[in-house]
Amino acid sequence: MAAARSTKRTNLFPAVLTLLLGGSAGAQEPPGTPVRPPQADPIDAIVAAMRTAEQRARSVVVEMSTTGQLPGGLELSTRGHLRVLRGTQPAVHAEVEFSFGDGLRGRVESAQTASGILLYEENPAFGELYLHLDPVVVADLEWAGQVLDRADLPGMADRRAAAPLGSGMLAELQRQFALELTDRRERQGEAGRWLQGRRRAGLDDDGGGALADRVELFVRDRDQALLEMTQLLGDRPLQQLIVRRLEVDAALEPAQFTVDGRGQPLREVQQHPPMWDQIEQVVRQAEAKAADGLVRPSRRR
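We now turn to the structure provided with this report. Quantities reported herein were computed from a predicted structural model and do not represent experimental measurements. (Residues numbered from 1 in each chain as written. Predicted model: local features only at pLDDT ≥ 70, side-chain atom pairs only at ≥ 80, totals over all residues. Heavy atoms only, no water.)

### So, the overall build of the protein
Rule in force here: In this description a helix means any DSSP run of H or I spanning at least four residues, a strand means any run of E spanning at least two, and both kinds are numbered starting from the N terminus. Any residue under 20% of the maximum accessible area for its type is buried, any over 50% is exposed, and the rest in between are partly exposed; the area is computed with a 1.4 Å probe on protein chains only. By definition, residues are in contact when any of their heavy atoms lie within 4.5 Å. Only the protein chains shown count as cover for residues, and all accessible areas are computed by the Shrake-Rupley method using a 1.4 Å probe.
Across its full length, the protein holds 6 helices and 13 strands. Here the protein holds 301 residues, and the buried ones make up 46% of them. By sequence separation, contacts in the protein at least 24 residues apart represent 57% of the contacts at least 6 residues apart. Split by element, the accessible area of the protein, about 15200 Å² in all, is 50% carbon and sulfur.

### Things to note about helix α3 (residues 135-148)
Our working rule: To estimate how far a helix should extend, the number of its residues minus one is multiplied by 1.5 Å. Side-chain atoms alone can form a polar contact between residues adjacent in sequence; in general such a contact is a pair of N or O atoms within 3.5 Å, and within protein one must be able to donate a hydrogen while the other accepts it.
With 14 residues, α3 should cover 20 Å at 1.5 Å per step; its first-to-last C-alpha distance of 20 Å lies within 8% of that length. Those residues of α3 that fall on the buried side of the exposure criterion are V137, V138, D140, L141, W143, A144, G145 and L148. If you follow the buried residues of α3, they end up packed against β4 (105-113), β5 (116-123), β6 (127-133) and α6 (273-289). Residue D134 occupies the N-cap position of α3, its side-chain oxygen lying 2.9 Å from the main-chain nitrogen of V136. Just beyond α3, the residue with positive phi is D149, at close to 55 degrees.

### Comments concerning the packing of α3 against α6
Helix packing geometry: the angle between the two helix axes and the distance between the axes. Filter applied, for reference: Orientation is described by axes fitted as lines to C-alpha atoms, over the contacting stretch for helices, and by angles from 0 to 180 degrees between their N-to-C directions. Working definition: roughly parallel below 35 degrees, roughly antiparallel above 145 degrees, roughly perpendicular at 65 to 115 degrees, and oblique for all remaining angles. Two helices that cross are described as forming a left-handed crossing if the nearer one is turned anticlockwise from the farther one by less than a right angle, and a right-handed crossing if clockwise. Throughout, the ten residues Ala, Val, Leu, Ile, Met, Phe, Trp, Tyr, Cys and Pro are labelled nonpolar, Asp, Glu, Lys and Arg are labelled charged, and all others, Gly among them, are labelled polar.
Two numbers describe how α3 lies on α6: the axes approach to 9 Å, and their chain directions differ by 50 degrees. Here α6 runs oblique to α3, going by the angle between their axes. For the crossing formed where α3 meets α6, the hand is left-handed. In this structure, α3 uses V137, D140, L141, W143, A144, V147 and L148 to contact α6, whose residues at the interface are W276, I279, V282, V283, Q285, A286, E287 and K289. Per-class residue counts for the contact of α3 with α6 are 11 nonpolar, 1 polar and 3 charged.

### Some thoughts on the nonpolar core
Applied cut-off: Remark: nonpolar core denotes a set of buried residues (Ala, Val, Leu, Ile, Met, Phe, Trp, Tyr, Cys) joined through side-chain atoms within 4.5 Å.
L170, L173, L179, L195, L217, L226 and M229 are the most contacted members of the largest nonpolar core, which has 34 residues in total. In contact with L226, other than residues within four places in its own chain, are M50, L165, G166, M169, L170, L217, F218, V219, L241 and V243. Membership of the second largest hydrophobic core comes to 20 residues, among which are L129, W143, A286 and A290.

See below:
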């Protein structure tokens, strides 16, 4: 029974991490989407400015921490970093340490380059894993994520990497909350804008957890980066994200886009049945949903 609870809790982690770090499904426009001109709503203007800054960035380094609750009230805390390199050889590296309120903890580290994805996991359900997903598998997963509007498996669109300054999260919060500017103009001595808003009526909580009734967040002026976000129920914080360091156009080396297997043998993902079965199931679901009988990229001629 304890093992089953541990497995269920660990399987919830990717979806919760997506929510905390990158926004819900549908919150992010893909890179290269033309920036819409600012609208009359000042929040639209802020989102547009953030997207423009993201598209101009050659690289972004983010270090952040989050706290929140899983459905059922179990607390989850994370701390990690994200490196995003744009240009002719794009790459993404992410590492997150997570801990649950009952003492269980673990780590996820991944790097995506032209060679595919390297993934290291240390989690309470499966122990340590060190896996490689080749570019063909990654292409299938990216396609499946687009069809199913999901981002909870390696290879699916990384919304935080696509919007490393936080424009995707702000756009999703604008959908959920009636955001407005406040008179507060600084945070820890840095100039910016504090926003706040009450939850819009008629929105349901698909996760089954407590529903925040308001949100507060800060966007820094000098780089248009979202540095802090807190969702509250009354005066009680339910979710919080704090960006502890953010650097745009940092010099990044290839060695920063590798994954330390910590002594574990590197295996192809097909050699790890739990994850491979999950990948196959998701891709089959995408094929069943895709229009005109479209199949995964690896099966097209």
